[in-house]
Every structure is written in structure tokens, then in C-alpha cells.
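Given next are the chains, with one letter for each unit.
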Amino acid sequence: MHVKKYLLKCLHRLQKGPGYTYKELLVWYCNNTNTHGPKRVICEGPKKKAMWFVLTLLFTSLVCWQWGVFIKTYLSWKVSVSLSIGFKNMDFPAVTICNASPFQYSKVKHLLKDLDELMEVVLERILAPEPSHANVTKALNFTIWNHTPLVLIDERDPSHPVVLDLFGEDYNGSASSSPAPGRSCNAQGCKVAMRLCSFNGTVCTYQNFTSATQAVTEWYVLQATNIFSQVPRKELMKMGYPAERLILACLFGAEPCSYRNFTSIFYPDYGNCYIFNWGMTDKILPSANPGAEFGLKLILDIGQEDYVPFLTSTAGARLMLHEQKSYPFIKDEGIYAMAGTETSIGVLVDKLERKGRPYSQCTMNGSDVPIQNLYSGYNTTYSIQACLRSCFQDHMIQNCSCGHYLYPLPHGEKYCNNQDFPDWAYCYSALQRSVDQREACISQCSESCNDTKYKMTISMAEWPSESSEDWIFHVLSQERDQSANITVSRKGIVKLNIYFQEFNYRTIQESPANNIVWLLSNLGGQFGFWMGGSVLCLIEFGEIIIDFMWITIIKLVAFSKSLRQRRARMRYAGPPPTVAELVEAHTNFSFQPDVADRGPDTKPYAEQTLPIPGTPPPNYDSLRLQPLDVIESDSEGDVI
Amino acid sequence: MAPGEKIKAKIKKNLPMTGPQAPTIKELMRWYCLNTNTHGCRRIVVSRGRLRRLLWILFTLTAVALIVWQCALLVLSFYTVSVSIKVHFQKLDFPAVTICNINPYKYSAVKDLLSDLEQETRGALKTLFGFSELESRKRREAEPLSSAWEGTRPKFINSVPLLFFDQDETSKVARDFLTGQKRKVRGSVIHKASDIMHVHQSKQVVGFKLIGRNFTLFHHPMHGNCYTFNNRVNDTVLSTSMGGSEYGLQVILYINEEEYNPFLVSSTGAKVIVHQQEEYPFIEDVGTEIETAMATSIGMHLTESFKLSEPYSQCTEDGKDVPITNIYNTAYSLQICLHSCFQTKMVEKCGCAQYSQPLPKGANYCNYQQHPNWMYCYYKLQQSFVREELGCQAVCREACSFKEWTLTTSLAQWPSEVSEKWLLSILTWDQGQQINKKLNKTDLAKLLIFYKDLNHRSVMENPDNTIPSLLSNFGGQLGLWMSCSVVCIIEIFEVFFIDSLSIITRHQWQKAKEWWARRQPPPCPEAALRPQGQDNPALHIDEDPPTFTSALRLPPALRTQVPGTPPPKYNTLRLERAFSSQLTDTQVLDES
């Protein structure tokens, strides 16, 4: 109804011509608005008016600027952080335990036999200044060697480095390539390098090492990878350390536990690893008290005598604390525990809870990451480490068309080995050294929003003490092997205590720093501070703008109408009838101004009207017309 | 209502008496309260009844008080900071790693320099504890030492005599004695044979993987030659883009146990410190020890902290505003400032510089030849330094931003039983001609330093309040209590300070004039000729010509009725109406 009325009024105004001018509208607005400045502009004297005008403009611009600042701040999606520290009943972390040696040497000896023999000869060749030909001539498997041989690079003459093959004379008889002085070079003059060839030996690179130790180790690991990748997983798991041999005793709080409480997982670097409290099948164990009494106590036997001699030079247990249902990347994040010691680890759970988009680029569950998570086969949660490794494996498969032994395989792919993929070592080392590959992976993988780390305080003591040594060894041997002899030794046993510290959690939680309430209250504060305004004032302003447009429309319509009128008048080319004439026309029915008749006539109009009888019209009439109209429109405006 | 009254009221309404035009303060206040934009004041004037008015006055005053209080709180809490912790996963710069042997100098090389001191120490040990021969080391048996004690005149024991106080205190004194001598002797070492130091390398870095081979030599006064890895050689800093032990620094250290000085150091191993590239490694203060025959794996976590400097806290950005000259050629840190301060004071008080810190300009290191009393002076100074009497702790300020690497250290046996044999032999080969004998397990240590993960945690202080937020808080407070704004404040200023003052001065001026007039009886009769304000006794404003308002307020003074203009005869209203209807008609006609 109202709208209709309003529209009618507008139409009326339209018909009548522009009743409101811009100035009137502005004055009315200034007088009636609720913002504080404009009123002053109207009702003060001229000097103050100017001052208030300037002030109002200034404040308006200030408000606009500050609003811009606030909206920009809001759109920057900042977060505020709350940190809480304390103790609460928490799930005990999952504990992964591995032996530093992936396999029992006694069980993998048959696989590594050729390689080990070769390695011994290589060492001998490097060390001994004069090769003793007698023992080299025994049957060595040179197929391994030929694929990626180790070479000596003689750099005593820097401009002409001489490459010497360690077995130069033996397998192809090209004695000329390795002259006699090359044999007596040492670390200062010579470097041991690995020759990596691809494309059937046409393109070769030498991977240099600064020390022979490094070169030999690297070479051996590469060859061993090649061998193990051809053995099926089940066989490999049998060759690793079984749980009952590794875990001698286990105590969680007051509850005894055994190797059966551990979940087995095969980790290519460390063989069989065992995870306590992983939460995959069993209930997750909580720990309600701080201190070693209520934590996990373990006794392990790493069996150092059975280590693979060339594969690992470090002896100890490897362990890692991680979240339930997450995959342990123990090679990167694990720590060592030394044999013959008791290692106590106090744990503080360091939790980070981030806000997702648009606050940061993290991912909640990894579903929006463009890389297929290869570790999802273990039913584990997303982590950036898993993503980076999956990404590497992806690249590996793309570039070398086979998967690396250390990472899980996607469907339908095969692990690299020398037989099927002769170029893989060259390809792999190139890929490993490429920075672009890593950068690409990092840019593709995004970190996970909820991140839990375990801060550890590690302390060590000798264990068992000399006086208690005897009985402890006896008991442990009895328990494991049911034998009266001592089968464990100081070189093999590790004691571990893992427990919560006095404060067991530190949570860093993100929350949006600037929410919509903050934005609104600040906008309101600014507007109120400078101009005393509110949202209603904005609506008022909008209304004024609509009125403004109406006026413009009315004016335009009036203008067009006047244009048309003028055109019509051009046609009739006579002055418009005066008010008196019109009044006459209205009251006197017989009166005919007969303008139309005399259109083309050029004679002055006044002469014609003179003879018409009637009261002479008042002369000031036309002057009054304008102010009267104004008053009328004003009263009408009040009604609106 | 009479038509005159009506017009008057209308004019009064449309033409407000603003500012100084108001005749009295009360009138001004009334006008202000009626027309102001704040909410309380109007109520005071409008409300009826004394109680209500009082209540409204009370409310308004309370609101004003609340505004003032809250705004004061806002201003006072302006310089607070909020801390934000951010964790990024990104490519990280590898820190500089400095590795030192605990033993500073090869025993075989400095034996000659220290022989006197050593003999005296043995002598002192013998006199104090009745223990004569150090049998632990075989190589010492060859030395002729029994005669030396008798032969040479003890020179060190005279300068700092060792006293035998009490059974409990002996060990302490003995230790002080030893370290004191050590410092002094080393001071002379550096003077006499500074060239020796750079020749001796008591440690060899055997092998390291992955990130390059740039160890730079760095001479540390207490630890001899130290080697810094990744110390911005060729202006490049190495960085890691993968976490984990594979992608870090792997070093095998050769710690030549046989060359250890028996009295200088009593532990075996190496020291390692992780620090920023520009930072000076205070290895004696914050180093981590590395055991021999062990693999030490150190996982790092990077935490970066940024503090806000003035006016939020007292920290310094680059140390330029700290009145202590940095004698180290490195970036500022609190530690550096304290050491520099101490060294400067030492040069001031004792006239010579202490050996373990760099030399300030134009100073010399202390030795007994030139500064016989330096040891006494040094101990005095150190005591007062520890008691914070030197003012160093007050002057030095912490740095605003620092990087910190949290280390998680774990140990494992290395080399393992089965790999020991081949590893030792190949390491010996690596050493080449430098060592002619086979290496021992206890001469070696393996060190792995790596980023545990590339999560980089930065703790940042941000200003809690900015000017916009402060202003909007002000606005919120003002709006909440009184619906006030800056405009109101300007109004208040205008009304209370400019207008009311002008009114008061006007009144005073008028009073003074009156008083002056009364004091001086009319000097001339012309003075009485002030018939302004139409001779109206009700109007007190004498100086100003009556404004339209004041004129209107005058009661009609005389019975003289101004003959009003007779109403116009023509009927304007009717004319207008007729006209408008006529106009529409004509328009319609025109259109049709």
C-alpha cells in the first residue's frame, strides 16, 4: 500500500515538475539525520558553517579510511593463539621400537654372501698398497660389481685426474688403464667414487665422496637394496628380529605386558619394528599419572653379535614416540637407545591445533592434497612426511619406472633391481640429488592441521650395575631361552623407561583473531567515535541517495518534457498564456484564447487580447506564483 | 495564540540562539542541553520534577565518569603485546655448526711452553696431597721431571702462591690455582708463539655427506682450533628441504686422545654448538659435549622469537643503541655485550685485556712481564662482575630477535662390534699419511646433526592495540554510555570553553564598566546618552546592538501599537489552488 502511495506521490510530483531540489533535500537531510556533524553545518553562522563543513568532511574521510583498515585486517585472516600447559589424563603415545640392524646376519648370510666377499676384497684393494693376487682370484660374483663399480680417482695431478678401477687388471685385463703408481695412493691423493652408468653404459657419472668410508658404505647399501628388493616381504620379515627375541620384558604401569602387545610392522631401513599402543586393533591405553612408575618399561636385546657388518655401523635400539594411528617415520624422527644403559625418557605432548582454510594452508585429513598417500595402506592418518615420501615414490616411478625399496609401492608397480631396471641406480641418485624434485614435493604437500609432537627429555645411566649384572643376565636368559646359561650380554641389552612428565601437555590452539563480531564492533566504534553514527544512519543515507536519484529522474523527465514543450511552442511561436488568461479561461466558459488559430500569425499577441472585456488581471500575479509553489511543496514534503 | 506570538515562536525555533549570542550562562547551558547530540543532557532539561532531574544529572555524571575511567584504562593498556605462535613447514637454512676438540692444543706442540708450569703443578700436588707421580700415561715416564722441580726457580708459584687453608677448602683452592695458571700461561702462549696455533690441528674432520665441504677455521682462545660448518662461505648458506638424519650433517671426528694436555683438560671428547651464521659461538658456555666411541645424533627444532622493541620492551634490534662497543666482529647478542663490557672494564681497571676474549682497540693481553698484578685485579673484577657491581647487566639489553635450536640428543654405540674392524681400517686409510698407526675406537666420534622435521616455530610479539582499534574502542565506550562522538566533544569544548568564557568575560566587562561608571560620577552629561535597546530597562545588554532574538524577547514597551499592514485583499490561497488545478488541466490539454 505504502509503496503504491509513494509511487503515486512520485508520479504526482513528476507531473507537477520537480518539487524538490537537490539543495532542499540536502538541507532536510542535514537537519534530520542522526549523525552528528551535518546538523551543525546547517544551523550555525557562516564562519562556523564552513568550519563544521570541513570537520564533517574530515571525519567522514577518517571513518572511511579506518573502515578500510579494519576490513583489510579482517580479510587477512589472522589467528590468535592460546597456549595451555598442564597435566591431564592422556593417551599414552604409541612407541615404535626397532633394532638398528634390519636383519639377523645369520639368516641373510646366504643372500649377502657374494656381496660381502666382494666388499672384503674391495676394502683390501683400497687399503693394501700392493694387491696380493692370490686370494683375489677366487670366484667372485662380478655381475654385481660390473653394474656399479667403485673407482679410485687419482687427483694428485689436479689437471689430469686418473680414474682407476679397483679390479682393473682382474676382470678385463686392461692393465694399461691403471698404472703402477695408482696403487700406492692414499686419501690425500685419491678419492673413492662410485661410477653410475645409464643407457647401457653410454652415459656415466662419478659420484664423489670425501671419504672412503662414506663411499664404501653408500655402495654397499645400494647393492644390498638391490638384493633385498627382489625378496618378497614375508621372507624379509622372517629374516628380521622376531618380537620375542627383541623384547625381553615389558611393563606398563603396574600391568605386565609382553611382545604380544606390540604390533609388528616392516620398515625397510630397520627390518621388523614393533609398535606399542598403536590403537589399530586394541584399545588405546591411557596414563593418568606422571612419573616413571606409571609409564612403559622395556628391556630389549638388540643382539649386536648378529648385526649385518657392512650394512649398519651403529649399534643400538631405535625408538620413536608418535601419535596413535600415525605411521612412524623412524629413520627421520627416531632416537637411539644405547646398549648397556638405561634410558629414561620424559614425555611432553606438544600439540598444535591449527585453523584450516582460509586461515592457513593446512589440510585436515589430506584428502585435498593432489598426491596419493601410499601409506594409507597401513590405515594411518595423513602426515606431511607420508606425503613427501609418496611424492618421491611418484617421481621415482615416473622417471625410473620402478619404485624404491624404502617406500611403499603403488598398485601394479615393481621395486627397482638391477636385473629388470639396469639404469635405476643412476636414475635414483640423480633424482635424490635434484633440488627441483624436493621443492616440487614440498610445494604440493601441505602440512596437516592437527600436529602432535612428543618432546623428550632424555637421560641415561649404566645398566645393569656391576653388582646386579649377574642375576639380571641369568633371569633374562632364563626367561627368553629357558636355558641356564647366560645368553644375553651387556652389549645387547637396553632398558627403556618412557613416562609422562609432571606437565604432560602443551597445546597451542589457534582461533580466529578477528571474527565478524570484532569487525562490526570496531566499525561501529569508529563510526560512533567520529560521527556518532550507526547502521540506521547508513540506511538514512541510502534513503537520501534514492531520493536523489528520484530527483534526478524527475528533473530529467521534466527536462525532456520542457524540451517537448519548447518544441511545441516553437511550432506555435507565441508567448504562453498568462495567469490572468488562464483564470479567465477557467471561470469564463465563453472565453476562448484561440491561440491555435493565430499560430502562423506574426502580429503581437498583446494587441489581440486588448479588446477582450473583463477585469484586468493583477500585475504582480505572475511574481507570486513561484514562492507559493514552494510553500505548497514544503507542506507536502512534511507529509511524506 | 496571537499571530505576533506565533511568528515569534517560529522564528525562535528556526533561528537558534547559538554560542555567545545567548545572554546568560544558564541560557547557554539550556540551549546546549536541548540541542546537543549526547543523550543525557537533554533529559536533564526536559524532565519534570526535581527528583527526576536530580536522577538524570546523576546518571549523566556517572556515564561521564565511566567513560573517563574506561578510556583511561584503554590508554594505559595501549602498549601491551599479544604473542602469536606460528608453525610453518618450509625449507630451512641449516645453522652454522662449530665443532671443537675439548683439548685446545696438541700436547706434543705446547709441551715446551708448559713444561715449567707442569712441573710446578706436580710439585704443588705433591706438597698438598702427597702424591708424586702421574702413572696413567706411559709417555710421561720418559720425561725427566724429578730434576726439573729442583732445578728451576718456581716463577708461577710466587706470583700466585697456593695456600693450604682447611681440609674442605683445599680442592677448591687447588682448582683455582690451576685454572689461574692456565689462563696466564695461555696468555703468554699467544704472545710468544701465536704462529703455532694456526699450524696445529688437533682434530681432523674425516668425512661428511650431502651438503658440502666447507669447514672454516675459527680460533677459539679456550678451545684452540674450532671448525665451523656452513659459516656463510662464498655468501651462500646451505639449506635443507627434507627433515631426517639422512639429510643432515654427518661428521666423523678424530679426537686424538694421546695429545691431550693432562692439566689443562680432564675430559675427552668434542664440543659442538649450533648457532646462527652471524653469531659468535660461545662454545665454552653453551656447547654440547660429544663422547668418543659413540654416535651422537642431534635432532634440531628451530624456534624463532621476535620481540617488539621500544616502547613495548627494552630489547635492542642490532645493539647500536647500547653504549658498549662490540669487540667481537659479529652480530649483537646479550652474551657478547656482557663479555665486551667485562673486557672493556678489565682494560680500564687493570690496564690489560683478558686472554679468552678478543682485544679491544689499543689494548694488550695480560701477562706477568708487563702487568705483574693482573691476576689479582682480574679476580677482583670478576667477583664484582658476578655480583653485578660493574653495571654491565644493567647496561646490556637482550636482542629483539633470536633463533634457537632445541636439540634432542641420543647416543648409540659406534662402531658396532661386528663392523668395528673394517670401519677402523678404512678410516685409517682415509686419514692417510697423517697417522701412521691404526686408529683406536676411542679416538673417534660420530656426529649427526639434522632437522628432526622442517616445522619451524616462530614466536612473535604483535602489538595488541593499534591506533584504529584504540579509537574504535573509544568510540564504543562513548557511544555506549552517552551516544557521544568527537563532534560532541568539539561541541562541549565550544560551549564550555569558548562560548561560556566569552559570556563571562562580557559580563565581567560590563560589570567593570558599571563599576567604573559608579566610581566616577558622570563626568559629562553626555554619558547618560545611551538609549540603546530601545530604552528598555529589561535588557541588560548595553554594548551590543540588540539581535533579532533579543529584540523579540522584549515586552512591547509602549502602548504604541504598530499599525499592521492590512491583509492583502486578493485571495492568494484560492488563486493558487485554482491555478494548480488549472495547470494540470492545461497540461493535460497541452499533451492531448
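Reading the values: the criteria
- Residues numbered from 1 in each chain as written.
- Chains lettered and ligands numbered in written order.
- Predicted model: local features only at pLDDT ≥ 70, side-chain atom pairs only at ≥ 80, totals over all residues.
- Heavy atoms only, no water.
- UniProt positions renumbered as here; feature names shortened; annotations may be inferred.
- Phe/Tyr/Trp six-rings, centres within 6.5 Å; stacked < 30°, edge-to-face > 60°.
- Lys NZ or Arg CZ within 6 Å of the ring centre and 35° of its normal.
- Contact = heavy atoms within 4.5 Å.
- Buried area = accessible area lost by both parts, 1.4 Å probe.
- Salt bridge = Lys/Arg side-chain N within 4 Å of Asp/Glu carboxyl O.
- Polar contact = N/O pair within 3.5 Å; in protein donor to acceptor, adjacent residues only side chain to side chain.
- Nonpolar A, V, L, I, M, F, W, Y, C, P; charged D, E, K, R; others polar.
- Helix = DSSP H or I, 4+ residues; strand = E, 2+ residues; numbered from the N terminus.
- Buried < 20%, exposed > 50% of the residue type's maximum accessible area, 1.4 Å probe, protein only.

The name that an unreviewed UniProt entry assigns to chain B is Epithelial sodium channel subunit gamma, with the source organism given as Orycteropus afer afer. The UniProt entry for chain B carries this comment under Catalytic activity (unreviewed entry): "Na(+)(in) = Na(+)(out)". Its UniProt record gives chain B the following Sequence similarities (unreviewed entry) comment, quoted word for word: "Belongs to the amiloride-sensitive sodium channel (TC 1.A.6) family. SCNN1G subfamily."

An unreviewed UniProt entry annotates chain A as Epithelial sodium channel subunit beta originating from Orycteropus afer afer. Per UniProt, the comment on chain A under Catalytic activity (unreviewed entry) is "Na(+)(in) = Na(+)(out)". Its UniProt record gives chain A the following Sequence similarities (unreviewed entry) comment, quoted word for word: "Belongs to the amiloride-sensitive sodium channel (TC 1.A.6) family. SCNN1B subfamily."

## What about the packing of aromatic side chains?
All names here are of chain A. Tallied over the full model, the rule gives 43 aromatic pairs over all chains. An aromatic cluster of at least three residues, connected via ring pairs, comprises Tyr267, Tyr270, Tyr327, Phe329, Tyr375 and Tyr378. The side chain of Lys88 reaches across the aromatic face of Tyr505, ending 4.4 Å from its centre. Looking at Arg318, its charged tip hangs above the ring of Tyr336, at a distance of 4.4 Å from the centre.

## Let's talk about the interface of chain A and chain B
In this assembly, 93 residues from chain A lie in contact with 86 residues from chain B. Counting the surface lost from both chain A and chain B, the interface buries some 7,900 Å², and carbon and sulfur atoms represent 60% of this. Inspection of the region where chain A meets chain B yields 4 salt bridges. Where chain A packs against chain B, one counts 17 residue pairs in polar contact (both at pLDDT 80 or more). Here the side of chain A that touches chain B is composed, by residue class, of 44 nonpolar, 24 polar and 25 charged.

## Section: unusual backbone geometry
The peptide bond linking Trp463(A) to Pro464(A) adopts the cis configuration, its omega dihedral lying at -5°. Among the secondary structure elements, Pro464(A) is positioned in the loop between strand E17 (450–462) and helix H16 (469–481). Of the consecutive residues Glu310(B) and Pro311(B), the connecting peptide bond is found in the cis state with omega at 0°. With respect to the helices and strands, Pro311(B) occurs in the loop between strand E11 (294–306) and helix H11 (334–350). For Asn379(A), which is not glycine, the phi dihedral falls at a positive 65°. Within the element layout of this structure, Asn379(A) appears in the loop between strand E16 (341–353) and helix H13 (384–400). A positive phi angle, close to 60°, is found at Ala293(B), a residue other than glycine. Along the chain, the position of Ala293(B) falls in the loop between strand E10 (288–290) and E11. Looking at Ala293(B), the relative accessible area reads 12%, which means it is buried.

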